[in-house]
Amino acid sequence: MSRPRRNDGRHVHPYHSDRYPYVWPRGAVFGVAALGPEPDAQWQLVEEVTERAPQDARDNLNSLLWFKAKDEAETPAERRELLAAVGILERERIDELTVLGIRYRIVRGDEYARCGQESGPEPPRPTDHEPTDCSWECAPGHDTALPDPGYVLDPGRTLGLMAEASRLGLQDFSYEGDHIPPAMREESRQAVHDHPELILLPVGFGLVERAGKGWRPRSRIQPTPHDARRVLFDGLATVWPRVYELDTATTKAYARAAEHLKAAPRSNEITVRGKTFRLCRVERMLRTGPDGPEPPRLSDPETTEPMRIRPRLDDQGVIRTGPDDAEVAARLQGR
C-alpha cells in the first residue's frame, strides 16, 4: 500500500483520507477503446475495462467485430474487412488494428481501493449511486452494467474537487516493493513518462474477504453497491454451498446470513462462521499519452492463447458451421 502524494510531495486528502489514506492496488485490468476517423474524434471505451489479462480483452474485441460483421455491415466488402480483422485476432496477440477507418486498441488500467491500516478497505460512500430497484431476485449484472462503453478518455475532462485531488495524488503512481518483479516495476515507472496523463474511470464496487490481517478480492467489480450486495447474497444463499460442498451446518448458517443481509438495507459488511465479507469501493485509473491510452505492457501475464470465439461467417452474413465448431464450443466452456 502507498499513501497518495501531490507532485510537490504533500499528502492529498481525498474523501475519508484520515481513515482510508492508502492505495491498495488490486491489479491490472484491460478493455477496448476506439478512435473514430473524424478530425476531432477522441478515444472512447467500447468494452468494459475489467478483464484480468490482455487476451481476454482481445477476445472481447474479436467478438465485437464479429457481431459488427453479422449485424451492422452494409456491404460484402465491409463484412470482409471486419472478418479479416477477426481472423487476425484468432491467430495473433495484437493490441491495435484499424478496421473501416476506426482504430481499436487494447487498453490497460489499474484497479485499486482506498484502505486504512486498521480500518481495512473503504466501503461504499453514502453519496455513491444506488439503483432505483434494489431487488434481490434478479441475478447480479443482468439489469445494470458499468458505464464504460462510450466513456470518453479525455484527460482534460472536468472533475469534482475531490476527484481532481485524487487524480493529482496518483499522477506519479507506480508499482513498488520487492514482491513486485523487477520488470513490472521498471515498466510501471516508464509508463509514468510515456503516458503521463491519468484518467479516472467510473467507480465500481466489489466484494472482499478478510484474510488474516489483510483482505482479498472475492468478485469482479459491479456498477452499484447493491449489485455487489447481490453477489454476496447469491454467494451465501446458493453459490458457495454448492461450489465448496459445505456441510449442512455451514450451509444453514450461510442461508441465515443471506436473509440477514436482505433484511438490512445498505448493509456493507457481514460475518458468518468466522469469515468477514465487506463491500469495497473500487476505483480504476488509466494512463494516456500523445498517441492515446496505454496498451498492455510486456510484463502483463497472459492466461490464454488466441482462439476462434464465434462460428464462421461468410461475406454475405451467413453463419457456416463445420466439424470443428464442437471443439471450439468445448474450449470456450473450459475457460
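In the block above lies the structure referred to throughout.
Computed from a predicted model, the values in this text were never measured in an experiment. (Residues numbered from 1 in each chain as written. Predicted model: local features only at pLDDT ≥ 70, side-chain atom pairs only at ≥ 80, totals over all residues. Heavy atoms only, no water.)

> Would you mind going over the overall build of the chain with me for this structure?
When helices and strands are counted, the chain shows seven helices and 12 strands. The burial tally for the chain puts 47% of its 335 residues in the buried class. Residue pairs in contact within the chain that sit at least 24 positions apart in sequence constitute 73% of those at least 6 positions apart. Summed over its atoms, the accessible surface of the chain is roughly 16,800 Å², and 51% of this surface lies on carbon and sulfur atoms. (Helix = DSSP H or I, 4+ residues; strand = E, 2+ residues; numbered from the N terminus. Buried < 20%, exposed > 50% of the residue type's maximum accessible area, 1.4 Å probe, protein only. Contact = heavy atoms within 4.5 Å. Areas by Shrake-Rupley, 256 points an atom, 1.4 Å probe, with all protein chains shown as cover.)

> How do you make sense of the packing of aromatic side chains when you look at a structure like this?
The relative placement of two aromatic rings is captured by the distance of their centres and the angle of their planes. A full pass over the atoms with the stated rule returns five aromatic pairs. Pairing Trp66 with Phe67 gives two aromatic rings, centres 5.0 Å apart and planes at 85 degrees, and the pair type is edge-to-face. Relative accessible area serves as the criterion here: at 32%, Phe67 is assigned to the partly exposed category. Here Trp240 and Tyr254 contribute two aromatic rings whose centre-to-centre distance is 6.4 Å and whose plane-to-plane angle is 75 degrees, an arrangement assigned as edge-to-face. In this pair, Trp240 sits in helix H5 (residues 225-243) while Tyr254 sits in helix H6 (residues 248-263), placing the two residues 14 residues apart along the sequence. The exposure class assigned to Trp240 is buried, which follows from its relative accessible area of 9%. Among the aromatic residues, those joined into a ring-pair cluster are Trp240, Tyr254 and Phe277. Arg218 extends its terminal NZ or CZ atom over the ring of Trp240, reaching a point 4.8 Å from the ring centre. Positioned over the ring face of Tyr175 is Arg297, at 5.9 Å from the centre of the ring. (Phe/Tyr/Trp six-rings, centres within 6.5 Å; stacked < 30°, edge-to-face > 60°. Lys NZ or Arg CZ within 6 Å of the ring centre and 35° of its normal.)

> Explain unusual backbone geometry to me, please; I cannot follow it from the model alone.
The general pattern is negative phi for most residues beyond glycine and trans for most peptide bonds. Backbone geometry places Leu100, a non-glycine residue, at a positive phi of 50 degrees. Secondary-structure assignment places Leu100 in the loop between strand E3 (96-99) and strand E4 (102-116). We classify Leu100 as partly exposed; its relative accessible area is 37%. For Glu245, which is not glycine, the phi torsion reads 50 degrees and is therefore positive.

> Just to check I follow, could you spell out a nonpolar patch on the surface for this structure?
Judged by side-chain polarity, Val239, Val243 and Tyr244 come together as a nonpolar surface patch covering roughly 280 Å² of accessible area. Relative to the assigned elements, Val239 resides in helix H5. (Patch = residues over 30% accessible without salt bridge, like charges linked within 9 Å, V, L, I, M, F, W, Y side chains within 5 Å. Salt bridge = Lys/Arg side-chain N within 4 Å of Asp/Glu carboxyl O.)

Geometric values such as these leave the question of function open.
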